[in-house]
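Coordinates in review
Residue strings, one per chain:
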Number of protein chains: 2
Amino acid sequence: MSKGQVIALSGGVGGAKLALGLSRLGLGDDLLIVTNVGDDFEHLGLNICPDIDSVVYALAGLNDQVKGWGRADEGWRFMAALEELGGENWFNLGDRDLAMHVLRTQALARGESLTQVTRTITRQLGIAANVLPMTDDPVRTMVQTADGPLAFQHYFVRDQCAPVVSGFEFEGIAQARPQADFMAALKNPGLRAVIITPSNPFVSIEPILRLPGVRDALAAAPAPIIAVSPIVAGLAIKGPAAKMMTELGMPSTALAVAEHYEGLIDGFVLDETDADLADDVDSLDMRALLAQTVMLSLEDRDGLADYVIAAVDELAV
Amino acid sequence: MSKGQVIALSGGVGGAKLALGLSRLGLGDDLLIVTNVGDDFEHLGLNICPDIDSVVYALAGLNDQVKGWGRADEGWRFMAALEELGGENWFNLGDRDLAMHVLRTQALARGESLTQVTRTITRQLGIAANVLPMTDDPVRTMVQTADGPLAFQHYFVRDQCAPVVSGFEFEGIAQARPQADFMAALKNPGLRAVIITPSNPFVSIEPILRLPGVRDALAAAPAPIIAVSPIVAGLAIKGPAAKMMTELGMPSTALAVAEHYEGLIDGFVLDETDADLADDVDSLDMRALLAQTVMLSLEDRDGLADYVIAAVDELAV
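First things first, this report covers the structure right here in the doc. For every chain, the first residue of the written sequence is number 1, and numbering continues from 1 along that sequence. By the order in which they are written, chains take letters starting at A while ligands take numbers starting at 1. With the structure being a predicted model, the display of local features is reserved for residues of pLDDT at least 70 and the display and counting of side-chain atom pairs for 80 or more, all residues being used for whole-chain, interface and lining totals.

This part covers the relation of the copies chain B and chain A. C-alpha atoms of residues with pLDDT of at least 70 in both copies form the basis for the least-squares superposition of the copies. For these two chains of identical sequence, chain B goes onto chain A by a turn of 180° and a shift of 0.0 Å along the axis, with RMSD 0.0 Å. On this basis, the relationship between the two copies can be described by a two-fold rotation axis. When each C-alpha of chain B is compared by its distance to the rotation axis, Asp-95 of chain B comes out closest, at 2.9 Å. Both copies share a contact surface, since 100% of the interface residues of chain B are interface residues in chain A too. By the criterion used throughout, residues are in contact when their C-beta atoms, derived from the backbone, lie within 7 Å.

This next bit is on the sheet that holds strand β2 (residues 31-35) of chain B. Residue and element names in this part refer to chain B. Read from one edge to the other, the open sheet built from seven strands follows the order β5-β2-β1-β9-β10-β13-β14, with strand pairing classed as parallel. Whereas interior strands pair on both sides, the edge strands pair on one side only; in this sheet they are β5 (130-133) and β14 (287-291). Between one strand axis and the next, the sheet turns by 25° as a mean value, whatever way the strands run. Strands were regarded as paired on the criterion that DSSP finds at least two bridges between them. What counts as a helix is a DSSP run of H or I of at least four residues, what counts as a strand is a run of E of at least two, and both are numbered from the N terminus. Bridge count for strand β1 (residues 6-10) against strand β9 (residues 193-196) is four bridges, and the pairing is parallel. The residue bridging Val-6 from the neighbouring strand is Ala-193, located in β9. Contacts between helix α13 (residues 298-316) and the sheet are confined to β9, β10 (225-228), β13 (267-271) and β14, with β10 contributing the most and set at about 150° to the helix. Structural elements are reduced to axes, namely lines fitted to C-alpha atoms, with helices fitted over the stretch in contact, and the angle between N-to-C directions of any two is expressed from 0 to 180 degrees.

Attention shifts here to helix α5 (residues 114-124) of chain B. Residues and elements named next belong to chain B. For the exposure call, what matters is how many other C-beta atoms sit within 10 Å of a residue's own: 20 or more marks it buried, 12 or fewer exposed, and in between partly exposed, using C-beta atoms placed from the backbone. Among the residues making up α5, those that are buried are Leu-114, Val-117, Thr-118, Ile-121 and Thr-122. An end-on view of α5 places all buried positions within 125° of arc, on one side of the element. Those residues of α5 that are buried are in contact with α2 (50-60), α4 (95-109) and β5. Looking one or two places after α5, you find Gly-126, whose phi comes out positive at around 75°. Arc definition: it is the arc formed by the directions from the helix axis to the C-beta atoms.

Okay, the interface of chain B and chain A next. Facing the 23 residues of chain B at the interface are 23 residues of chain A. Of all elements in the fold, only α3 (77-84), α4 and α5 of chain B reach the threshold of two or more residues within the side of chain B that touches chain A. For the side of chain B that touches chain A, the leading source of residues is α4 of chain B, giving ten residues. Any residue that is not Ala, Val, Leu, Ile, Met, Phe, Trp, Tyr, Cys, Pro, Asp, Glu, Lys or Arg is counted as polar, Gly included; the first ten are nonpolar and the last four charged. Residue composition of the side of chain B that touches chain A, grouped by class: 13 nonpolar, seven polar and three charged.

Residue and element names in this part refer to chain A. Across the sheet, which stays open at both edges, the three strands sit in the order β7-β6-β8 with antiparallel pairing between neighbours. Each end of this open sheet is capped by a strand with a single partner; those strands are β7 (148-151) and β8 (165-171). For this sheet the average axis-to-axis angle between neighbouring strands, irrespective of direction, equals 25°. Of the strand pairs in this sheet, strand β6 (residues 140-145) and β7 are connected by four bridges, and their pairing is antiparallel. Paired with Thr-145 across the two strands is Gly-148, which belongs to β7. Here helix α8 (residues 201-210) sits on the sheet in contact with β6 and β8, set at roughly 40° to β8.

Here's what the structure looks like:
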C-alpha cells in the first residue's frame, strides 16, 4: 500500500540529483517533483526550461554526469552552424537537447500546458515520477545587480554570475497559479513528506514558495517538511548560492540557509562536515539532521534519498 | 561595366548546381537566383525552405557533395533525440541544418519577410548573388495523386514519391505577389538573360511561372530566356521528374520538356547525348542548344554556366 505522496521541490542540477535518488525508492507516481520555472526563458524562438530538463534528463538517465549539465553524448554542430549564420550563441544548446526545446515549443504553441508537455515527455521516457512545473503560468526571475536588473539566464549563463547581486524579483509571480496537482497533494491528508532539495534557496526554491497560496498550504500541510542544505563547509556544491549569500550580506553557511527556511521546515539536513553547526540549527525551530549530502555517485544519491525519507518518517511520528 | 542582370529560376539541388556555376562567373549581385517556395513547409514548428537552403548551402560551399543534399559534416543527434522523445521523424533535419530553420523561424516570427531573412543569411555567409524567394507570401504545392492530395514534402520525403501523380495545385498562388526585385529585374531594360535551371519543371519552376504577372513579364522581357533540360537520355538526373512525366501521360524526354516550355523560352539546352532530339526542338519555336549538362564536378557546373551565358548573349544579338 502507498505510504502517501512525497513532494520534492527542485531547481536544476543539485535538486535533480536528489530527485533521482528519490525516484529510485519505488514511490512511483506518489513522488511529485515540483520544479522551478523562474529560470525558463525564450531563446531563438524556443521555450527553454532548464530546471525541468535537468530533472527529466537525470531521471531518464540521459544526463551528462561528467559535465554535470545537459545530455550525455551531446554534440555541438547546431551551435557551430548558429555562430556561422550570425545567431546569438551565448547559450549552449546541444544537438540532442534541442529536440526537447523544439518539441516543447511546438506543443506549447498549439495550446498544451507546460504540465501536459512535461507529462507526455516523461511518460515517453519511462519516468514513473510526476515531474510538475511549479506553475503553467509564466514566472521569470530577474536578478537585481550592481549592473542593473538582469534576466536570470543573462546573469547565470551569459554573464557567468559575475555581477554583484542585491536581490531578486519574480516577474508574474503574483498572477501565477500553483500547479493544481502540487496544491492538491499539499492538501491531501495522506501527504507523507515535503522535501526541499539542495537547490539554490534564492533562485530555485524561493519562486516555488512565493507562488500565491503555497506558503500557507505548506504551513497547513499534514506532513513534515525537510530541507537539505545546498551549502557544505561554507561552499556551494555547485552554482552561485554561496557567492549570492555573501553579496546579500549573510554568511555563506548552512546555518544561514537554515535560518532562511526557519518557520517553514521541521528538519534541516546538514552535511556531516558541518556537524559543528548542528546545535545552532537545533536552536532554531527545527531539527538538525546530519548526513552525507555531497552526491558524487549514484550510491550517494540513493543514500541521501534513503536518509531523507527515513528522517521524514521519523519526524512524522 | 555590368552587362546587366541575369535571372536564374531555381528549385533545389539541380538548380543549385547551375546557380553555383553562375555565381562563379563574377556577376556579383547582378545575379538574381529566384527560388521556388512551393516546397516550403512548417514542421515541428519550424519554417523550412528546402529550395532556398539548397541554393544557399551550394553557393556558400556548405553543401554535402557526396549525399547530394543538406550540409557537409552533418550530424544526426537531434533526430536521434527527437525519436527518443516520440517526435515526428519522417523528415531528416541535420544538427547543423537546424540552425538555419531556427534562425529563420525566429526572424519570420518577429515580422521579417522571407526576402529579408534570406538576405541577412546570404550576406553573413559571404554570398554575393541575390538569392530571392519567388514570393514572400505563402505558396504550398499540393500533389494530386491516386492516393488523394498530398502536401509536397509528404509526397516527396515521407512517401518517397511513390504515389502516382495526376496533377499539382499551388495553394495561395493567386494571392501571392512575385518578389519585388525579381519583377523589377524582369522589367529592367538592362536585363541580360533569364535562365531556367534544370530543376523539376512541374514542382520547382512551374510555381514561379504561375505567380500573377510573371508569365506576362517574361513574355515582355527585353532579354533571351533559356532553359536547361532536367531530363537526359529519358532520365531525370535527380528526383521524380521523369516518373511524373510518365504518370502525367507524356514521354519522359527532353523534347517533352521543351514542348512544356514552348512559347516561353528562346533557347533550350539539351544534353549532348540527346543530340538526336535537336531537330525536333528546333522545329518548336526555340533554338536547340547542345551542351554537357550533367554536373558531377565543380568544373561541370562552371562549364555549363559558361556555356549558358555565352548562348544567351549570342541569342541576344
